[in-house]
Amino acid sequence: MTLTQLRYLVAIADSGFNITQAAERVHATQPGLSKQLKQLEDELGFQLFRRKGRSLLGVAPAGVKVIEHARRILAEAANIRSYAANERGEYRGRLLLATTHTQARYVLPQVIADVTQRYSEISVDLFVAGDSEVLTKLDESDFALVSSAGSVPETNGLAIPLFRWRRVLLVPKDHPLTRLGDAPSIVDLAHYPMISYESSNLPESSLQRTFAAAGVTPQIAMTARDANLIETYVRTGLGAGLLAEMAVGGRVDDDLRVLQAPLELPECITWAIVPRGKVLREYALALLNGLAPQIDPRDLRRILEGNQPPLWPEPPRWKAAG
């Protein structure tokens, strides 16, 4: 049994049992991958996948536990490589970050630029998606960035609070809400169509819960993942845009106004989610420190190593770099 065979096994499972896609994922040939799978099954004495002819249909009952163990073995092998590279002072490699559109566009650029200037031999890969999809990529990432309205995200990873932020309203300059002051109430906002992030439609979202607590229903005309798309449709008059404050910053437009969102809406926290037990490379730790300078780097390292309880300082309010 080899690490290569285990890597191929996991790739098949993660590729929907498509041998061709699995071979592409691990940069192998299809015949080579099939040969290694057969050798592994011969050694174990049973089939790992259900088959119909030459096609794989799913994981065989006996293969479920094998794949679980294979994932853990590969993760620990990766940890050993990361630890060794850190000990050697080797600062080249690939940093994979799973994140939302808002964080990728408005929070990460300067932090990533600082880290890549310091570690010039690394490459950065961003997987950008909605909050729920981001966490599906956690096991493949160095860490993920997600946001929640105060509560700790439900995840198997270690959640690190980075910073707090509020929502704002982006409206045409002649919108009726501009005549109600800087922060309209939830009841005021309920009278007008809104454009917001896609999570706003979920019954458990903080937006839906806040409106329900006020006894009103939001008029959600459209949702999108990208703040730029929301802004585009605000300009068409489709509705008032409800956005993260970092997506608008201190902007001044001739045709748009930025208002405080209703104060009833709870403050949000952006979290870094690190896979439990993962050994991070030095450049990944540097990126985390850049996002959360309030956390002592030595404490961060000890917590990630399991040598200190995760007692995090209060996350500060977000502010733009510079």
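Keep in mind it's a predicted model, so treat the numbers as computed, not measured. (Residues numbered from 1 in each chain as written. Predicted model: local features only at pLDDT ≥ 70, side-chain atom pairs only at ≥ 80, totals over all residues. Heavy atoms only, no water.)

Q: What am I meant to see in the layout of surface pockets here?
A: Vacant regions in the atomic arrangement are exposed by a probe of water-molecule size rolled over the atoms. The calculated volume of the largest pocket comes to roughly 1,800 Å³. Lining the largest pocket are 47 residues, with Ala75, Ala78, Asp139, Glu140 and Lys278 sitting closest to its centre. The set of elements that each furnish at least two residues to the lining of the largest pocket consists of helix H1 (3-14), helix H4 (61-88), strand E3 (92-99) and helix H6 (131-136). A total of 13 residues in the lining of the largest pocket trace back to one element, the largest contributor, which is H4. Tallied by class, the residues present in the lining of the largest pocket amount to 17 nonpolar, 11 polar and 19 charged. The calculated volume of the second largest pocket comes to roughly 1,000 Å³. Counting residues per element, the ones that place at least two in the lining of the second largest pocket are helix H5 (101-118), H6, strand E5 (143-148), strand E8 (193-197), helix H8 (206-213) and strand E10 (240-244). Among the residues forming the lining of the second largest pocket, the class breakdown is 14 nonpolar, 14 polar and seven charged. (1 Å grid on protein atoms, 1.4 Å probe; cavity = no way out; pocket = protein on both sides within 12 Å on 5 of 7 lines; lining within 4 Å. Points joined across faces, edges and corners; volume = space filled by probe spheres on them. Helix = DSSP H or I, 4+ residues; strand = E, 2+ residues; numbered from the N terminus. Nonpolar A, V, L, I, M, F, W, Y, C, P; charged D, E, K, R; others polar.)

Q: What is the right way to read the packing of H1 against helix H3 (residues 30-44) from this model?
A: A pair of packed helices is captured by two measures, namely the crossing angle of their axes and the spacing between those axes. Interaxial distance between H1 and H3 falls to 9 Å at its minimum, and their mutual angle equals 110°. By the criterion of interaxial angle, the relationship of H1 to H3 is roughly perpendicular. Two secondary-structure elements touch here, H1 through Gln5, Leu6, Tyr8, Leu9 and Ile12 and H3 through Gly32, Leu33, Gln36, Leu37, Gln39, Leu40 and Glu43. Within the contact of H1 with H3, the residues separate by chemical class into seven nonpolar, four polar and one charged. (Axes fitted to C-alpha atoms, helices over the stretch in contact; angles between N-to-C directions. Parallel < 35°, antiparallel > 145°, perpendicular 65-115°, else oblique. Contact = heavy atoms within 4.5 Å.)

Q: Honestly, the side chain of arginine 167 in this entry has me stumped. Any pointers?
A: Residue position: arginine 167 is located in strand E7 (residues 167-172). For the buried arginine 167, no salt bridge is present, and the opposite-charge side chain at shortest range is glutamate 245, 9.4 Å distant. One polar contact links the side chain of arginine 167 to the main-chain carbonyl oxygen of proline 266, over a distance of 3.2 Å. Setting aside chain neighbours within four positions, we find arginine 167 in contact with Ser206, Leu207, Leu242, Leu243, Glu245, Ala261, Leu265, Pro266 and Cys268. (Buried < 20%, exposed > 50% of the residue type's maximum accessible area, 1.4 Å probe, protein only. Lys, Arg positive; Asp, Glu negative; His and termini not counted. Salt bridge = Lys/Arg side-chain N within 4 Å of Asp/Glu carboxyl O. Polar contact = N/O pair within 3.5 Å; in protein donor to acceptor, adjacent residues only side chain to side chain.)

Q: Sorry, what's going on with the packing of H5 against helix H10 (residues 282-291) here?
A: It is at 9 Å that the axes of H5 and H10 come closest, and there the two elements cross at 140°. Of the possible angle classes, the one that applies to H5 and H10 is oblique. In this structure, the crossing between H5 and H10 has a hand that is right-handed. Taken together, the residues of H10 that come into contact with H5 (itself represented by Val107, Leu108, Val111, Ile112, Val115 and Arg118) are Tyr283, Ala286, Leu287, Gly290 and Leu291. Of the residues that constitute the contact of H5 with H10, the class distribution is nine nonpolar, one polar and one charged. (Left-handed = near helix turned anticlockwise from the far one by under 90°.)

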